[in-house]
Amino acid sequence: MPATPVLAAEDLSKRFVAINALDHVNFELAAGEVHALVGENGAGKSTLIKVFGGIHRPDAGRVLVDGAEVELHSPADAYAKGIALIGQELRVVPALSVAENVMLGHLPTRPLVPGIAASAALRLDRARMRAAAGAALAQLNLTVDLDQRVDRLTFAERQSVAIARALSRNARVLVLDEPTAALEEREVHSLFAVIEALKAAGVAILYVSHRLDEIVAIADRCTVMRDGRVAADLARGAFSAAELARHMTGRDIEREHAHGAAAPGETLLEADLGGEVRLRAHEVVGLAGLLGSGTSELLRRLFGAAGGARLRVRGRALDTRHPAESIAAGIGMVPNERILGLVLDQTVRDNIVLPNLGRFGTWWRMDDAAAGRVVRELLVALDVRPPDPDAVVRRLSGGNQQKVILAKWLAARIEVLLLDEPTQGIDVAAKAQIHRLMREFAGRGGAVLFASSELDEVLGQSDAVLAMRRQAISARVARGAGLTEHAVREAITFHR
Amino acid sequence: MRRDFLVGQIPLVTLIVLGVVIAILTPRFLSPLNLSNVLVQAAVITVIAIGMTFVIIGGGFDLSVGSIVALSGCVCAMVMMEAGIAAGVAAGVAVGALVGLANGLIVTVLKVNPFITTLGTMVLVRGVVFLLTGSQQVPIDQPLPQPFIDFGIERFLGIHYLVWLPVALLFALSWVLARTPYGRSVYATGGNREAAYLSGIRVDRVVASTYVWCGGLAGLAGVMLASRLQSGQPTAGEFYELTAIAAVVLGGASLYGGEGKLYKSVIGVFIMVILGNGLNLLNVDSYWQRVAIGAVIILAAAADRLRAHRA
Ligand SMILES: Nc1ncnc2c1ncn2[C@@H]1O[C@H](COP(=O)(O)OP(=O)(O)OP(=O)(O)O)[C@@H](O)[C@H]1O
Ligand SMILES: [Mg+2]
């Protein structure tokens, strides 16, 4: 007889307007287990963990902790039951110190007036706060200054602070939503080390990710969701990346690769920004670099969104100082954070039309019918679910939101597309789709420059790679002329 | 979906309930004289609230409109005595738009918080009005031109010209917001400024333009009020900014920006005006009136928060 799971869901259902986000979901998480949760965009993963985190209330079904039914009305309730949710937007307070952030919510105090216990609420016990925070961070092998403000830390370090907070409150279930999406390779390895250590200490870990290779590497068990239902529940050894993908989508996903078939055409965009950038028609160029190497900055400058940049567009000089000027010259950009690309409370149609206000109608009257037609076509072509132009973007799942950002530029008259981490948080099928769309865009005579922290993606999709290191371009290698993993890795790593 | 729709109708329902309750409590409310009074009072505030809605949708805030009303009324009267009606009206509107432009530039170029910026211009402009007029009404000895005074009194189809004006503005500017590319850019900028910027919207210009609308329309309201008062009054328009902001929020615009409709703001204006009118007719002490209106403003803001939570 197996031990009682620490956390379980029985027959959980949750409906949003017209969608069954969770449809009679059964789920079990055992102590000391790393349990992965995968599924296509919109499959219901985030909804499930938000139920565990006390953010959503289920319409039907039960949540069990140690076999006993619990009602989770708020994140505080979930915390009290030992469930800690580490979301993609980390809940750290930028202006507070590392120690304060770790101990937030249960800061130790001591009496203000000696001997009168009731006066304790008035005085922070700094020594105990630092000791407890230090102990929690030590478990994670993180050595940072406890008194440092959290906004000075890197993303990976802030993530560790959030995890340390959970540990300091004796969390027994740690829920991580796409924790590696914004980490570089080395940081991923140290996160995995932390996960192994926690697992050994008996903490149960629920791990949501779209990176199937990672899941194969660390998960003991994997639950696959599809359309709000559990499609498969697999034990370690029974899943490979290809198999998971098939369970998620119900079909085989072909990983297509760029083949560099079409010969590059004329030069569309040239610039000299700490090294030469040149993008030619029919070409997909990957921009490789570690976090902080300046890839985002480079893309923003090319787009006119970070100070000015001197460009040559189809041979004509352009001194761009505003995205409006770059867009007019035929350049579009997908920013690295979704919140920068979307007006969340507006509809899909309004968002897609936004960079194209001049295109649909005249200055005194928008042609909504024409815009609607274009938008609807794009939603079908990109397989956005639901394909409803009037859906409010906030209610779409993360992956579908990303497709809407892409659609903004596909509706525009542009020939150079700059993409910053375009497949971040996107499921395997959608990822393949976006890669295909990038190539189609290039196939129609456009040029694509995309930044990715996933080396596999850069190597697989690029006709040529620009490598960045310390805010400068360190190399350019073309397919068929020395484009190897080794060469790119060398070019992006700096040796201390 | 249905729930969103119902939440959207709360202002209208509030207005109807309020009207019915007051009509039951005092029959004088429905007298033709009183109703036409309510309409004219609402007319001036409506013009201001329309401008305020532009600013609030764009993610801003404007406290200076009350002072602009006084400035434009006085400037309008002064210029009119020298150069005629048309010049006076144009000067009144233009001076309002100019203050709006100043607000817009301070907010976008100097990046000063809109609340502080317009708090500053509110006080500053009121000071200028007193300096300009020596605290006297304008003109002092002779009357304003008769046609201008007639405009404040006469009616078309039984309804004051002063009321037709905001009706026309409501239709025209609703079109601007809902149907033109410019209108979309105002909503987008208020909804997510950074995303709008990265979509090629000139967000600073859009934000500044909303203050110009607001100032210009407050200027027009000042001219309307001068025609009604048959003079420019340096003390005119006090607390109008609060009434207008409260009306816009009552009408469901979000103080976080990106949301709001002109016709709903007009519903908000009528709630404010009818509430004040009803309390007057019921002979409620004027201090108690302030208490009631203050409470309504807080309720409106609380409703705004509740909506934010729901999202
Ligand atoms: N607040 C909401 N209102 C309406 N529908 C919602 C809401 N939140 C989620 N949904 C819908 O519920 C479904 C499940 O969404 P969920 O965010 O759980 O997906 P997910 O598996 O996390 O996807 P992704 O990998 O893209 O993050 C989607 O169809 C989504 O559009
Ligand atoms: Mg999700």
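Remember, it's a predicted structure, so these values are computed and weren't measured experimentally.

Student: What should I look at first to understand the state of the cysteines in this one?
Tutor: Covalently bonding the sulfur atom of one cysteine to the sulfur atom of another cysteine gives a disulfide. All told, the structure shown has zero disulfides over all chains when counted by the stated rule. The structure places no disulfide on Cys214 of chain B, whose sulfur is separated from the nearest cysteine sulfur, that of Cys76 of chain B, by 19 Å.

Student: Explain the interface of chain A and chain B here, please?
Tutor: When the parts of a complex come together, some accessible area is lost, and that lost area is often taken as the interface size. Counting residues at the interface gives 31 residues for chain A and 21 residues for chain B. Interface area, chain A with chain B, both sides summed: about 2,200 Å², of which 57% is carbon and sulfur. Across the contact surface, chain A and chain B share five salt bridges. Along the contact surface separating chain A from chain B lie eight residue pairs in polar contact (both at pLDDT 80 or more).

Student: Please explain the sheet that holds strand 15 (residues 316-320) of chain A as it appears in this structure.
Tutor: Across a sheet, strands are paired by hydrogen bonds formed along the backbone, either parallel or antiparallel in direction. Residue and element names in this part refer to chain A. Taken together, the four strands give an open sheet; going across it, the order is 12-11-14-15, and neighbouring strands pair in antiparallel fashion. Across the chains shown, the open sheet's two edge strands, defined by having one partner strand only, are strand 12 (276-280) and strand 15. Going from strand to strand, the sheet's axes swing by 20 degrees on average, the running direction of each strand aside. Here strand 11 (residues 267-272) runs beside strand 12; their pairing, made up of five bridges, is antiparallel. Within the sheet, the bridge partner assigned to Ala271 lies in strand 12 and is Val277.

Student: Before we go on, may I ask you to explain the nonpolar core in this structure?
Tutor: Nonpolar side chains tend to gather and get buried jointly when the protein is soluble and globular. By size, the foremost hydrophobic cluster in this structure holds 163 residues, and its most contacted members are Leu302 and Leu418 of chain A. It is helix 2 (residues 32-57) of chain B that provides the largest number of residues to this core, a total of 15 residues. Ignoring anything within four residues of it in the chain, the contact list for Leu302 of chain A reads Leu269, Ala271, Leu273, Val277, Leu311, Thr320, Ser326, Ile331, Leu418 and Leu449 of chain A. Ranked by size, the runner-up nonpolar core spans 53 residues in total, among them Ala162, Ala171, Leu174 and Leu198 of chain A.

Student: Explanation requested: a nonpolar patch on the surface in the structure shown.
Tutor: All names here are of chain B. A surface patch of nonpolar side chains, about 690 Å² in accessible area, is lined by Phe151, Phe156, Leu157, Tyr161, Trp164, Val167 and Phe171. The biggest single contributor to the nonpolar patch is helix 7 (residues 161-179), with four residues. Of note, Tyr161 is situated in helix 7. When its relative accessible area of 32% is taken as the criterion, Tyr161 is described as partly exposed.

Student: Explanation requested: the pairing of strand 9 (residues 221-226) of chain A in the structure shown.
Tutor: Successive side chains on a regular strand alternate, one facing one side of the sheet and the next facing the other. All names here are of chain A. Pairing between strand 3 (residues 34-39) and strand 9: five bridges, direction parallel. Bridging across to strand 9, Val38 finds its partner in Val224. Relative to strand 10 (residues 229-235), strand 9 runs antiparallel, the two sharing six bridges. If you follow Thr223 over to strand 10, its bridge partner there is Asp233. Here strand 9 folds back onto strand 10, and the loop between the two strands holds two residues, one of which, Asp227, carries a positive phi near 50 degrees.

Student: Explain the sheet that holds strand 4 (residues 60-65) of chain A to me, please; I cannot follow it from the model alone.
Tutor: Residues and elements named next belong to chain A. Read from one edge of the open sheet, four strands run 2-1-4-5, paired in antiparallel fashion. Lying at the two open borders of the sheet, with one neighbouring strand each, are strand 2 (19-29) and strand 5 (68-70). Neighbour to neighbour, the strand axes of the sheet diverge by 30 degrees on average, direction disregarded. Relative to strand 2, strand 1 (residues 7-16) runs antiparallel, the two being bridged by seven bridges. Within the sheet, the bridge partner assigned to Ala8 lies in strand 2 and is Glu28. Its contacts with the sheet place helix 1 (residues 45-52) against strand 1, strand 2 and strand 4, and it is angled at close to 120 degrees to strand 1.

Student: Would you mind showing me how to read the site of ligand 1 here?
Tutor: Residue and element names in this part refer to chain A. The local shell around ligand 1 holds 17 residues, among which Asn41, Gly42, Ser46, Thr47 and Arg395 are the closest. A distance of 2.5 Å separates an oxygen atom of ligand 1 from a polar atom in the side chain of Thr47. The contact in question runs from an oxygen atom of ligand 1 to an N or O atom on the backbone of Arg395, over 2.7 Å. Contact with the protein chains removes 85% of the 650 Å² of surface that ligand 1 exposes when unbound. Every element with two or more residues in the shell around ligand 1 is listed here: strand 2, helix 1 and helix 14 (398-410). Considering every element that reaches the shell around ligand 1, the biggest residue donor is helix 1, with three residues. Along the lines of polarity and charge, the residues of the shell around ligand 1 split into five nonpolar, nine polar and three charged.

Student: When you look at the packing of aromatic side chains in this model, what are you seeing that I'm missing?
Tutor: Geometrically, a pair of aromatic rings is defined through the distance of the ring centres and the angle of the planes. According to the stated counting rule, one finds seven aromatic pairs over all chains in the structure shown. Taking 5.8 Å as the distance between ring centres and 20 degrees as the angle between the ring planes, the aromatic pair formed by Phe151 of chain B and Tyr161 of chain B counts as stacked. Note that Phe151 of chain B is positioned in helix 6 (residues 146-153) and Tyr161 of chain B in helix 7, a separation of 10 residues in sequence. Residue placement shows Arg169 of chain A over the ring face of Tyr79 of chain A; its charged tip is 4.5 Å from the ring centre.

Student: Mind showing me how you'd approach the packing of helix 6 of chain B against helix 10 (residues 203-229) of chain B here?
Tutor: Helix-helix packing is described using two parameters, namely the angle between the two axes and the distance between the axes. Residues and elements named next belong to chain B. Relative to each other, helix 6 and helix 10 sit at 95 degrees, their axes nearing to 7 Å. Comparing their axes, helix 10 and helix 6 come out roughly perpendicular. Of helix 10, the residues touching helix 6 (which contributes Phe148, Ile149, Phe151 and Gly152) are Val223, Ala226, Ser227 and Arg228. Among the residues forming the contact of helix 6 with helix 10, the class breakdown is five nonpolar, two polar and one charged.

Student: Is there a simple way to think about the pattern of salt bridges in this case?
Tutor: A side chain of one charge can pair with a side chain of the opposite charge if their charged atoms are brought near each other. All names here are of chain A. Scanning the entire structure with this criterion turns up 33 salt bridges over all chains. Where Arg62 meets Glu10, a salt bridge forms, and the shortest distance between an N and an O atom there is 3.1 Å. Of the two residues, Arg62 sits in strand 4 while Glu10 sits in strand 1, which places them 52 residues apart along the sequence. Look at Arg62 and you get partly exposed, because its relative accessible area is 33%. Its salt-bridge partner being Arg314, residue Glu415 comes within 2.7 Å of it at the nearest N-O pair. With Glu415 in the loop between helix 14 and strand 19 (416-420) and Arg314 in the loop between strand 14 (309-313) and strand 15, this pair connects stretches of sequence that are 101 residues apart. Under the relative-accessibility criterion, Glu415 is labelled partly exposed at 24%. We classify Arg314 as partly exposed; its relative accessible area is 41%.

Student: Whenever I open this one, the side chain of Gln289 of chain B confuses me. Can you help?
Tutor: Residue and element names in this part refer to chain B. Here Gln289 lies in helix 13 (residues 286-310). With a relative accessible area of 11%, Gln289 lands in the buried category. Here Val284 takes part through its backbone oxygen, which lies 3.3 Å from a polar atom of the side chain of Gln289.

Student: Could you clarify how one ought to interpret the environment of Gly200 of chain B in this entry?
Tutor: Relative to the helices and strands, Gly200 of chain B resides in the loop between helix 9 (193-198) and helix 10. Remark: the alpha-carbon pair of Gly200 of chain B and Phe148 of chain B, spanning 52 residues in sequence, is separated by 45 Å. With residues near it in sequence (within four places) discarded, Gly200 of chain B still touches His322, Pro323, Ala324 and Ile327 of chain A.

What counts, and where the lines are drawn
- Residues numbered from 1 in each chain as written.
- Chains lettered and ligands numbered in written order.
- Predicted model: local features only at pLDDT ≥ 70, side-chain atom pairs only at ≥ 80, totals over all residues.
- Heavy atoms only, no water.
- Disulfide = S-S within 2.5 Å.
- Contact = heavy atoms within 4.5 Å.
- Buried area = accessible area lost by both parts, 1.4 Å probe.
- Salt bridge = Lys/Arg side-chain N within 4 Å of Asp/Glu carboxyl O.
- Polar contact = N/O pair within 3.5 Å; in protein donor to acceptor, adjacent residues only side chain to side chain.
- Pairing = 2+ DSSP bridges.
- Helix = DSSP H or I, 4+ residues; strand = E, 2+ residues; numbered from the N terminus.
- Axes fitted to C-alpha atoms, helices over the stretch in contact; angles between N-to-C directions.
- Core = buried A, V, L, I, M, F, W, Y, C linked by side-chain atoms within 4.5 Å.
- Buried < 20%, exposed > 50% of the residue type's maximum accessible area, 1.4 Å probe, protein only.
- Patch = residues over 30% accessible without salt bridge, like charges linked within 9 Å, V, L, I, M, F, W, Y side chains within 5 Å.
- Areas by Shrake-Rupley, 256 points an atom, 1.4 Å probe, with all protein chains shown as cover.
- Near = heavy atom within 4 Å.
- Nonpolar A, V, L, I, M, F, W, Y, C, P; charged D, E, K, R; others polar.
- Phe/Tyr/Trp six-rings, centres within 6.5 Å; stacked < 30°, edge-to-face > 60°.
- Lys NZ or Arg CZ within 6 Å of the ring centre and 35° of its normal.
- Parallel < 35°, antiparallel > 145°, perpendicular 65-115°, else oblique.

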